[in-house]
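# Overview (structure and organization)
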Amino acid sequence: MELRKYQIYLSNEATEILKQKKIVALCMEVRTGKTLTSLQTANNFGAKNVLFVTKIKAFSSIQWDYDQMDYNFKLTIINKESLHKIHDTFDLVIYDEFHGFSAYPKPSTYQKLAREKYSHLPMILLSGTPTPESHSQWYHSFQLSDNSPFNEYSNFYKWAKDFVNVKVKHLGYAQVNDYSEADIKHINRRIKNHVLTFTQKEAGFTSNINELMLEVEMKPITYQLIDRLKKDLVVKNAQGQVILADTGVKLQQKIHQLCSGTCKFEDGSSKVIDFSKSEFIRDNFSEHKIGIFYKFKEEYSALKSILGDKLTNDLDDFNSSDKWIALQIQSGREGISLKEAKYLVYYNIDFSAVSYWQSRDRLTTMDRKENQIFWIFAKNGIESKIYKTVLGKKDYTLSIFKKDFNINSEKFKEIPNRLKR
């Protein structure tokens, strides 16, 4: 394997920043090769024992990249959920998709653990979307390191006084501070010497993403359950299992589940009630190798029931066979490539705009000119409403749901009486 010219250039630039600042952020768009660029930077830096923190789904592709190159350092790959298990000594750490450590205003559990263990080390931060929700995410990302450009600020709240236009949000009877409106120009002046950015356009990518919505007529039972739930907010089956929507959030989630043919009961169990989407995918894509994204765990059960051994959730198995792959949107939306698939098919859609924009790019390669995506929506379901919202780079929130479905909050006060029936 040979590095592309721009990867050599970026790794050289990153090495100089790393030597001077002890922390560098490589903000390279998906499929531009940020993994290899970071590994080359580690090699240039003279690291001997490198820790690479990423998602489990990306382990094999990172190991493959490392194995193709004759690097002089040892590489340990781990996910952030297992950081507490590692006690080796490293001299460099690479955080892949580092925005996963960037919760605010309070730091996440994983950010605090990573900082406690490795903040003293030189580090490389990798992401194609460093601030998917707000530029306020920069603070805790850089605070992974003792060499943060924001070091004089001991916590986010002190930092926000200088870098955020803090607003007040009213949530029911309470009010909270909204820290999402950060001053990106002010932030950029502080971080510009720590960050390298690179786009697909700069790399020479010319891929177009085409999206097509396909509607499926679900079984009558699905629509009946949705109508009953919207009316009564609770449904009980013959076995005594209860679908309860006693809050707006739960009603939103239950309708979302039902529109793809699954439901989760109040006792924690779940069930597939309608295989229409799985059958539609089987019948319409049988001649092509596809990658599938789903939202709820029970949707994989529905797909597996219909597709059997044709379906896998293992990336290596998918890449080395003619099997289809199905991945949950949340875990598969970043850090992996589904380039072996001809089409990308969505069984369902996530409420998150970040999930939409990240996951749809999994087919992209330097040589691929067209990426075809199919969205499988229930006829008259919630999915098309979610799609319209996330397309505008907004999350599908509870307030939007209530407006779309004409839900009155007073309705939920009637639940206690209905449960007694």
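Here, the structure is the one placed above.
In this text, all values refer to a predicted model and were calculated from it rather than measured experimentally.

Calculation rules
Along each chain, numbering runs from 1 in the same order as the chain's sequence is written. The predicted origin of the model limits local features to residues at a pLDDT of at least 70 and limits the giving and counting of side-chain atom pairs to 80 or more, whereas totals for whole chains, interfaces and linings rest on all residues. Hydrogens and waters are ignored; side-chain quantities use all the structure's heavy atoms. Here the aromatic set is Phe, Tyr and Trp, taking the six-membered ring for Trp, and pairing holds for ring centres within 6.5 Å; pairs whose planes are under 30 degrees apart are stacked, those over 60 apart are edge-to-face, and all others are tilted. Put simply, DSSP H or I for four residues or longer makes a helix, DSSP E for two residues or longer makes a strand, and each gets a number counted from the N terminus. To sort residues, take the accessible area from a 1.4 Å probe on protein chains only and compare it with the maximum for the residue type: under 20% means buried, over 50% means exposed, and anything in between is partly exposed. A ring is scored as having a charge over it whenever the NZ atom of a lysine or the CZ atom of an arginine sits within 6 Å of its centre and within 35 degrees of its normal. With axes taken as lines fitted to C-alpha atoms, and helix axes fitted only over the stretch in contact, angles between N-to-C directions fall between 0 and 180 degrees. Roughly parallel covers angles under 35 degrees, roughly antiparallel covers those over 145, roughly perpendicular covers 65 to 115, and oblique covers all other angles. Here, residues are in contact when the closest pair of their heavy atoms is within 4.5 Å. Amino acid classes used here: Ala, Val, Leu, Ile, Met, Phe, Trp, Tyr, Cys and Pro are nonpolar; Asp, Glu, Lys and Arg are charged; the rest, including Gly, are polar. A pair is scored as a salt bridge if a Lys or Arg side-chain nitrogen falls within 4 Å of a carboxyl oxygen belonging to Asp or Glu. We call two strands paired when DSSP finds no fewer than two bridges between them. Residues scored as positive are Lys and Arg, those scored as negative are Asp and Glu, and His as well as the terminal groups of each chain are ignored.

Counted according to the given criterion, the structure contains 35 aromatic pairs. Centre to centre, the rings of F98 and W138 are 5.9 Å apart; their planes meet at 35 degrees, and the pair counts as tilted. Highlighted residues: F98 in the loop between β4 (92-96) and α4 (109-118) and W138 in helix α5 (residues 138-142), separated in sequence by 40 residues. Exposure class is identical for F98 and W138. Each is buried. Ring geometry for Y139 versus F156: centroids 6.0 Å apart, planes at 75 degrees, classification edge-to-face. Residue Y139 is located in helix α5, and its partner F156 is located in helix α6 (residues 156-163); the two are separated by 17 residues in the primary sequence. Cluster of aromatic residues (ring-pair linked, three or more members): F98, Y104, W138, Y139, F142, F150, Y153, F156, Y157, W159, F163 and Y179. We note K289 situated over the ring of F318; from NZ or CZ to the ring centre the distance is 4.4 Å.

For any two helices packed against each other, the geometry comes down to the angle between their axes and how far apart the axes lie. Close contact between α6 and helix α7 (residues 184-191) brings their axes to 9 Å; oriented N to C, the two are set at 110 degrees. On the basis of their axis angle, the class for α6 and α7 is roughly perpendicular. Contacts between α6 and α7 involve W159, D162 and F163 on the former and, on the latter, H186, I187 and R190. Its residues assigned to classes, the contact of α6 with α7 comprises 3 nonpolar, 1 polar and 2 charged.

Pairing between side chains of opposite charge can happen when the charged atoms of each approach one another. The full count for this structure, using the stated rule, is 14 salt bridges. With a closest N to O distance of 2.7 Å, E152 and R190 form a salt bridge. With E152 in the loop between α5 and α6 and R190 in helix α7, this residue pair connects regions lying 38 residues apart in the sequence. Its salt-bridge partner being K323, residue D317 comes within 3.2 Å of it at the nearest N-O pair. Since its relative accessible area comes to 24%, D317 is described here as partly exposed. Sharing partners across several salt bridges, the network here consists of D246, K250 and E266.

Below, the discussion takes up the sheet that holds strand β15 (residues 311-312). Pairing is parallel across the open sheet formed by 6 strands, whose spatial order is β9-β18-β17-β14-β16-β15. The sheet is open, and its two borders are formed by β9 (208-216) and β15, each paired with just one other strand. Pairing geometry for strand β17 (residues 343-346) and strand β18 (residues 370-378), over 4 bridges, is parallel. Paired with Y343 across the two strands is Q372, which belongs to β18.

We now examine the pairing of strand β14 (residues 290-294). Most of β14 is tucked away, with 5 of its 5 residues classed as buried. The alternating pattern of β14 places I290, I292 and Y294 and G291 and F293 on opposite faces, both of which are buried. Relative to β17, β14 runs parallel, the two being bridged by 4 bridges. Residue I290 lies in a different strand from β17, and its bridge partner there is Y343. Here 4 bridges tie β14 to strand β16 (residues 324-328), and the two strands are oriented parallel to one another. Residue pairing across strands places Y294 opposite Q328, the latter belonging to β16.

On to unusual backbone geometry, then. Backbone torsion omega between Y104 and P105 reads 0 degrees, so that peptide bond is classified as cis. Positionally, P105 belongs in the loop between β4 and α4. Despite not being glycine, R31 shows a phi value in the positive range, around 70 degrees. With respect to the helices, strands and loops of the structure, R31 is situated in the loop between β1 (23-28) and α2 (34-45).

Quick look at the side chain of D178 now. Considering the arrangement of structural elements, one finds D178 in strand β7 (residues 174-178). Despite its burial, D178 remains without a salt bridge, the nearest opposite charge being carried by K169 at 4.2 Å. Excluding its chain neighbours within four sequence positions, the residues that come into contact with D178 are N165, V166, K167 and K169.

Pairing in this open sheet of 6 strands is parallel, and the strands run β3-β2-β4-β5-β1-β8 from one edge to the other. Looking at the sheet topology across the chains shown, the edges are occupied by β3 (74-78) and β8 (195-198). For this sheet, the mean inter-axis angle between neighbouring strands, taken without regard to orientation, is 15 degrees. By the bridge criterion, 4 bridges tie β4 to strand β5 (residues 123-126) in an arrangement that is parallel. Residue pairing in the sheet places V93 in a bridge with M123 of β5.

Any link to function would need more than the numbers given here.
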